[in-house]
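Residue-level structure breakdown
Chain by chain, the residues:
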Amino acid sequence: AQSVTQPDIHITVSEGASLELRCNYSYGATPYLFWYVQSPGQGLQLLLKYFSGDTLVQGIKGFEAEFKRSQSSFNLRKPSVHWSDAAEYFCAVVGSGNTGKLIFGQGTTLQVKP
Amino acid sequence: NAGVMQNPRHLVRRRGQEARLRCSPMKGHSHVYWYRQLPEEGLKFMVYLQKENIIDESGMPKERFSAEFPKEGPSILRIQQVVRGDSAAYFCASSPPTRGQETQYFGPGTRLLVL
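Report on the accompanying structure. Model, not experiment: these values are computed from the prediction. (Residues numbered from 1 in each chain as written. Chains lettered and ligands numbered in written order. Predicted model: local features only at pLDDT ≥ 70, side-chain atom pairs only at ≥ 80, totals over all residues. Heavy atoms only, no water.)

Broken down by element type, chain B carries 0 helices and 11 strands. If you list the helices and strands of chain B from N to C, you get β-β-β-β-β-β-β-β-β-β-β. At 13 Å, chain B has a C-alpha radius of gyration in line with the 13 Å of a compact globule built from 115 residues. C-alpha extents for chain B along the principal axes are approximately 40 × 30 × 25 Å. Scored against the burial criterion, the 115 residues of chain B give a buried share of 46%. The long-range share in chain B, meaning contacts at least 24 apart out of those at least 6 apart in sequence, stands at 53%. Surface summary for chain B: the accessible area is close to 5,800 Å², and the carbon and sulfur share equals 46%. Side chains of chain B carry 17 positive and 11 negative charges; the gap between the two charge centres is 6 Å. (Helix = DSSP H or I, 4+ residues; strand = E, 2+ residues; numbered from the N terminus. Rg over C-alpha atoms; globule rule 2.2 N^0.38 Å. Buried < 20%, exposed > 50% of the residue type's maximum accessible area, 1.4 Å probe, protein only. Contact = heavy atoms within 4.5 Å. Areas by Shrake-Rupley, 256 points an atom, 1.4 Å probe, with all protein chains shown as cover. Lys, Arg positive; Asp, Glu negative; His and termini not counted. Charge placed at Lys NZ, Arg CZ, Asp CG, Glu CD.)

What follows is the structure, encoded as structure tokens:
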């Protein structure tokens, strides 16, 4: 069965520091991968997605992610974090069965110190 | 272009009552997904619908939960005889009519509290 693991439940970084959020997936075929961000009390906003092609994908708000098949990873990065980036981040993979349903990781809560 | 609309945003019910959650997809989207987010957990898939059809309900609890997406009007997630464990945020997402690869756009969610 497909699964997504986000090993870090909470991460705290200083404003201006770099950020990397980890995501590992378990999926037999070529995965379709997503990163979403959720601010408190809000819905999910798509940051970026990977379907095929270039393994380094650029997203909104200065985020990027790199697909590494050999490591079954799709880590999210940002070179310089802003206070407004404090939120919860979810990695997701499209499940099997061609229905498009998403399988989410547990989420990583990002706290930004001034 | 309005995004995915969900209402109500907050819903309080007493144990044993019914909860009805509504979702209007983005214009042009004919696929609707419902997800549930329990406290301190990630989102879990519940059901996938197209107009007048349930395509995948593998994530729906076997009892008390039902969903529909009629030809006209919003998609409805219905929870009968709610229990405290149903307290969660329920998110709806929609996507265009191409299966499997399309991005899902999420609504703001309905936060259900069962007293």
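Resuming the write-up.
Let's shift gears to the nonpolar core. Formed by 26 residues in total, the largest nonpolar core has its most connected members in Leu 19, Trp 35, Leu 47, Leu 48, Phe 74, Leu 76 and Tyr 89 of chain A. At the level of secondary structure, the elements contributing two or more residues to this core comprise β2 (10-14), β3 (19-21), β5 (33-38), β6 (44-50), β8 (64-68), β9 (73-78), β10 (87-94) and β12 (108-113) of chain A. The biggest single contributor to this core is β10 of chain A, with 4 residues. Once you skip the residues sitting within four places of it in the chain, Leu 76 of chain A turns out to touch Leu 19, Glu 20, Leu 21, Trp 35, Leu 47, Leu 48, Phe 63, Glu 64, Ala 65 and Tyr 89 of chain A. Val 32, Ile 79, Leu 112 and Val 114 of chain B belong to the second-largest nonpolar core, a separate cluster that totals 23 residues. (Core = buried A, V, L, I, M, F, W, Y, C linked by side-chain atoms within 4.5 Å.)

Attention now goes to the sheet that holds strand β1 (residues 5-7) of chain B. Within a sheet, each strand pairs with its neighbour through backbone hydrogen bonds, oriented either parallel or antiparallel. All names here are of chain B. The antiparallel open sheet is built from 4 strands, whose spatial order is β1-β3-β8-β7. This sheet does not close on itself; its edge strands, each paired only once, are β1 and β7 (65-68). With strand direction ignored, the average angle separating the axes of adjacent strands in the sheet is 15°. (Pairing = 2+ DSSP bridges. Axes fitted to C-alpha atoms, helices over the stretch in contact; angles between N-to-C directions.)

Bringing a nonpolar patch on the surface into the picture now. There is a patch of nonpolar side chains on the surface, built from Val 12, Leu 113 and Leu 115 of chain B and spanning about 240 Å² of accessible area. Position of Leu 115 of chain B relative to the elements: it lies in the segment after β11 (110-114). (Patch = residues over 30% accessible without salt bridge, like charges linked within 9 Å, V, L, I, M, F, W, Y side chains within 5 Å. Salt bridge = Lys/Arg side-chain N within 4 Å of Asp/Glu carboxyl O.)

Attention now goes to the pairing of strand β8 (residues 75-79) of chain B. All names here are of chain B. The element β8 is extensively covered by neighbouring structure, given that 4 of its 5 residues are classed as buried. Taken together, the 4 bridges between β7 and β8 define a ladder with antiparallel strand orientation. Looking across to β8, one finds that Glu 68 is bridged to Ile 76. Where β7 folds back on β8, the antiparallel hairpin that results is connected by 6 residues, among which Gly 73 adopts a positive phi of roughly 100°.

Moving on: the state of the cysteines. Here, the word disulfide means a covalent bond between the sulfur atoms of two cysteines. Across all of its chains, the model carries 2 disulfides over all chains by this definition. Here Cys 23 of chain A pairs with Cys 91 of chain A through a disulfide, and the sulfurs are 2.0 Å apart. The sign of the S-S torsion, about -65°, decides the handedness of the disulfide formed by Cys 23 of chain A and Cys 91 of chain A: left-handed. With Cys 23 of chain A in the loop between β3 and β4 (24-26) and Cys 91 of chain A in strand β10, the pair connects residues that are 68 residues apart, well separated along the chain. Residue classification places Cys 23 of chain A among the buried residues on the basis of a relative accessible area of 0%. For Cys 23 of chain B, the disulfide goes to Cys 92 of chain B, at an S-S distance of 1.7 Å. Measuring handedness by torsion sign, the sulfur bridge of Cys 23 of chain B and Cys 92 of chain B sits at about -45° and is left-handed. Placement of the pair is Cys 23 of chain B in strand β3 (residues 19-24) and Cys 92 of chain B in strand β9 (residues 88-95), with a sequence separation of 69 residues. For Cys 23 of chain B, a relative accessible area of 0% corresponds to the buried category. Cys 92 of chain B sits in the buried class, given a relative accessible area of 0%. (Disulfide = S-S within 2.5 Å.)

What follows is about the interface of chain B and chain A. Every contact between the two is made by 22 residues of chain B and, on the other side, 21 residues of chain A. In total, chain B and chain A occlude about 1,800 Å² of area from one another, counting both sides; carbon and sulfur atoms represent 51% of this. Counting every contact that joins chain B to chain A gives 1 salt bridge. Ionic pairing is found between Lys 101 of chain A and Asp 56 of chain B, a salt bridge with its closest N-O pair at 3.5 Å. One can count 9 residue pairs in polar contact (both at pLDDT 80 or more) joining chain B with chain A. If you list the elements that add at least two residues to the side of chain B that touches chain A, you get β4 (31-37), β5 (43-50) and β6 (53-56) of chain B. Of the residues contributing to the side of chain B that touches chain A, the split by class is 9 nonpolar, 8 polar and 5 charged. (Buried area = accessible area lost by both parts, 1.4 Å probe. Polar contact = N/O pair within 3.5 Å; in protein donor to acceptor, adjacent residues only side chain to side chain. Nonpolar A, V, L, I, M, F, W, Y, C, P; charged D, E, K, R; others polar.)

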